[in-house]
Each structure stands twice: as structure tokens, then as C-alpha cells.
Amino acid sequence: LAESYLVGLIGDGVTPSLTPPMHEAEADAHGIRYLYRPIDLAAIGRPGSDVGTLLSSARELGFNAFNITHPCKQLVLMHLDSVSVDAERLGAVNTVLIRDGRFHGENTDFSGFAHALRTGLPGVALDRVVQLGAGGAGAAVAYALLASGVRHLTLIDLDAERTRERAAALAALFPDRAVVAASPDDIGHELAAADGLVHATPVGMHQHPGMPVDARLLSPRHWVADVVYRPVETELVRAAVALGCRVLDGGHMAVGQAVDAFRLITGVEPDAGRMRHHFLDL
Ligand code: NAD
């Protein structure tokens with residue numbers, strides 16, 4: 001165990017992120033000295049392409065680890081000495097460990113969502129899933145769904161080209177599954193045959209209020225997972241709960257990525273329930 005930990009979050013607009021206080025409170029509960037600072041590219045006027053320079057400087061300044069977020073999750077890859085198998089396949093890194101002067105990349109967005117799905121919606125049917133949103137969060141979530149055993153995944157996004165590319169990339173990684181791109185017009189048809197709906201667009205955030213899908217297309221037999229976590233109770237979550245669906249709110253992924261990152265950084269097993277409580281209090 002290191003004597004103390006110095007950790008940072010590199011990304012655009014990360015000043016208000018809830019991840020630093022989540023890590024620090026969990027470390028406090030373990031009696032670990034742990035300081036976690038947001039390094040906001042917008043605030044310091046640096047582009048995402050500076051992530052390698054920032055990491056090198058941080059190594060010289062004694063940092064132990066970083067979380068990496070938008071727009072650096074892909075950009076950081078070329079600066080790493082090693083990468084976990086899943087982060088390499090996914091092509092995105094959100095956690096960098098600095099060990100013996102070397103940079104090692106991991107992806108806890110994917111593992112955090114997979115864990116949330118296992119523990120928050122245990123035993124749900126994973127045969128057919130419809131996922132709305134194929135951007136950054138969507139890529140990690142789709143990978144987690146396939147790694148968790150989903151056999152048929154339909155991706156739907158307003159950006160048809162992005163959807164097709166993402167579906168093709170995932171199909172190549174999981175050749176024994178079906179990963180297909182569909183258009184937003186097909187959502188009713190797709191949901192009629194699906195076990196679950198995963199939502200990974202910004203719709204429902206404080207800045208983008210609303211429902212990403214017509215609630216009449218949902219029925220109580222669907223399970224619903226949202227990744228939006230500001231607010232935790234989105235319109236989608238509220239509607240799905242009202243229908244009697246089994247529901248996983250976006251806070252579970254936000255906490256899940258922090259739980260897995262904390263364990264990687266410290267080697268100490270965090271208390272996931274306590275981290276969720278702390279997150280909900282923030
Ligand atoms: P992004 O911009 O990379 O991707 C969003 C995608 O949604 C885009 O491809 C866009 O075309 C699509 N989209 C937007 N509106 C749509 C609609 N009405 N129908 C279909 N597709 C639509 O953004 P992102 O980084 O993937 O973030 C998406 C959401 O996930 C945000 O709310 C973010 O806060 C949340 N998020 C949550 C976590 C977590 O840990 N819970 C982690 C990362 C991101």
C-alpha cells in the first residue's frame with residue numbers, strides 16, 4: 001500500500017465532477033490519505049491532444065493515477081505503455097495507473113456498467129437488447145452488454161453513420177452475437193421483440209430534459225437501464241418505474257466506474273453501497 005495517493009481527473013469541463021469527492025470520501029472511510037483533483041482542460045486552456053504532456057508532467061510531480069474523460073479517452077491510448085485487454089478492444093481508456101514510471105490503461109466505464117447490470121438487475125433476460133445512443137458512453141455500455149452475454153443487440157442513434165460503424169466494430173469483437181444498427185423509426189418494432197432497453201443519449205439530463213422514447217412503447221416485461229445520472233431520476237426512469245419495469249438508474253454506472261477505479265488505484269476493496277450513498281448525497 002502506498003503511503004498516500006495523488007489522483008487526477010483529466011477532461012473538458014470536469015470541475016464539477018462527482019468522481020473526486022466519491023473517491024476521497026471512500027478513502028477517508030478506509031483511513032487512506034487520498035487527494036483527487038479535477039484537471040479541467042477548459043479551465044487551463046489546453047486541448048485534449050495535450051493529455052500525453054499532462055500525464056508526463058504529472059508523473060514527474062508524483063501522481064499515482066488518473067481518470068480520463070471526454071475528449072481524451074481515445075487520445076490517451078498512444079501515450080500508454082500497456083493497456084488492459086478490454087480497454088484495448090474497446091479502444092477507450094478512462095483510468096491510467098502510474099506504476100514504476102510506466103502508464104497502464106484500463107476501462108472501468110465498461111466494467112462498472114457490467115457490474116451494475118449484474119448487481120442492480122440480477123437475472124434479467126439478456127437475449128435481445130435495444131440500446132439508444134452510440135456515442136462515448138454508448139460504446140462502453142454496448143461492449144459491457146455483449147461481454148455480459150447479450151445475444152442480439154440493436155443500436156439506435158440519430159447519427160446513422162456512427163451507429164453503423166459502432167455496430168460493425170462490436171460485431172467484429174463478438175463474432176458469435178448479432179449486433180445491428182437500426183434507425184430511430186424502428187424503435188417500436190425493435191422494442192416489441194426486446195427484453196430490455198438501455199439508454200445512452202443525453203436526453204433526460206438537466207440541460208436536455210425529456211423522454212428519449214415514447215413511454216407507450218415500453219411494457220412491464222421490459223427492463224430499463226439509463227446512463228444519465230444528472231438527475232439520477234430521469235423522466236425515463238420515472239416512467240419505467242411507474243410502468244412496473246425493473247430499472248437501473250445512471251447513478252449505478254457512475255458509481256460502478258468509480259468503485260472499479262478506486263480498487264485498481266489503491267488495491268483496497270471499496271464499499272460499493274457506501275459509495276452509492278455518498279454519490280446520492282452529493
Ligand atoms: P456523446 O455525445 O458521445 O453521444 C451521445 C449520442 O447520442 C450521439 O451519438 C447522438 O447522436 C445520440 N443522440 C442524441 N440524442 C438522441 C436521440 N434523441 N435519439 C437517438 N440518439 C440520440 O455523449 P456521451 O458521452 O456518450 O454521453 C451520453 C450520456 O451519458 C450523457 O448524459 C452523459 O452524462 C452520460 N454518461 C453517463 C456516465 C455514467 O457513468 N453514468 C458516463 C458517461 C456518460
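The structure we're discussing is the one just above.
Here's a quick rundown of the structure. (Residues numbered from 1 in each chain as written. Predicted model: local features only at pLDDT ≥ 70, side-chain atom pairs only at ≥ 80, totals over all residues. Heavy atoms only, no water.)

Another aspect to go through is the overall build of the chain. Looking only at helices and strands, one finds 11 helices and 12 strands in the chain. Over its C-alpha trace the chain gives a radius of gyration of 19 Å, about what one expects of a compact globule, namely 19 Å for 282 residues. Taken along the three principal axes of its C-alpha coordinates, the chain extends 55 × 35 × 35 Å. Of all 282 residues assigned to the chain, the portion counted as buried reaches 49%. Within the chain, residue pairs in contact and separated by at least 24 positions form 69% of the contacts whose partners lie at least 6 positions apart. Of the roughly 12,600 Å² of accessible surface on the chain, 52% is carried by carbon and sulfur atoms. Distance from the positive charge centre (23 side chains) to the negative charge centre (33 side chains) of the chain: 2 Å. (Helix = DSSP H or I, 4+ residues; strand = E, 2+ residues; numbered from the N terminus. Rg over C-alpha atoms; globule rule 2.2 N^0.38 Å. Buried < 20%, exposed > 50% of the residue type's maximum accessible area, 1.4 Å probe, protein only. Contact = heavy atoms within 4.5 Å. Areas by Shrake-Rupley, 256 points an atom, 1.4 Å probe, with all protein chains shown as cover. Lys, Arg positive; Asp, Glu negative; His and termini not counted. Charge placed at Lys NZ, Arg CZ, Asp CG, Glu CD.)

Attention now goes to the sheet that holds strand E11 (residues 223-226). Taken together, 6 strands build an open sheet; the order of strands is E9-E8-E7-E10-E11-E12 and the sheet is parallel. The open sheet has two edge strands with one neighbour each: strand E9 (178-182) and strand E12 (246-248). Direction aside, neighbouring strands of the sheet carry axes that sit 15° apart on average. Where strand E8 (residues 152-156) lies against E9, 5 bridges are found, and the strand directions are parallel. Paired with Ile156 across the strands is Ala182, a residue of E9. Packing of helix H6 (residues 136-147) onto the sheet brings it into contact with strand E7 (128-132), E8, E9, strand E10 (196-199) and E11, and relative to E7 it is tilted by some 175°. (Pairing = 2+ DSSP bridges. Axes fitted to C-alpha atoms, helices over the stretch in contact; angles between N-to-C directions.)

This brings us to the sheet that holds strand E5 (residues 95-99). The 6 strands lie next to each other as E2-E1-E3-E5-E6-E4, forming an open sheet whose pairing is mixed. Each end of this open sheet is capped by a strand with a single partner; those strands are strand E2 (33-40) and strand E4 (82-83). Across 2 bridges, the pairing between E4 and strand E6 (residues 102-106) is parallel. When the bridges of E6 are listed, Ser82 appears paired with His104. Docked against the sheet, helix H10 (residues 251-266) engages strand E1 (4-11), E2, strand E3 (65-68), E5 and E6, running at close to 5° with respect to E5.

Backbone torsion omega between His70 and Pro71 reads 5°, so that peptide bond is classified as cis. For Pro71, the location among the structural elements is in the loop between E3 and E4. At Asp100, a position not held by glycine, the phi torsion is positive, near 50°. On the secondary structure map, Asp100 appears in the loop between E5 and E6. With relative accessibility at 81%, the residue Asp100 sits in the exposed group.

We now examine the environment of Arg164. Position of Arg164 among the secondary structure elements: in helix H7 (residues 160-173). When its relative accessible area of 51% is taken as the criterion, Arg164 is described as exposed. Arg164 sits 30 residues away from Ala134 along the chain, and the two C-alpha atoms are 9.4 Å apart.

The tally for this structure, following the rule as stated, stands at 10 salt bridges. Linking Arg46 and Asp50 is a salt bridge whose minimum nitrogen-to-oxygen distance equals 2.6 Å. Take Arg46: its relative accessible area is 31%, and that puts it in the partly exposed class. Between Arg238 and Glu233 there is a salt bridge; the shortest N-O distance is 3.1 Å. On the basis of relative accessible area, Arg238 is assigned to the partly exposed category, the value being 43%. (Salt bridge = Lys/Arg side-chain N within 4 Å of Asp/Glu carboxyl O.)

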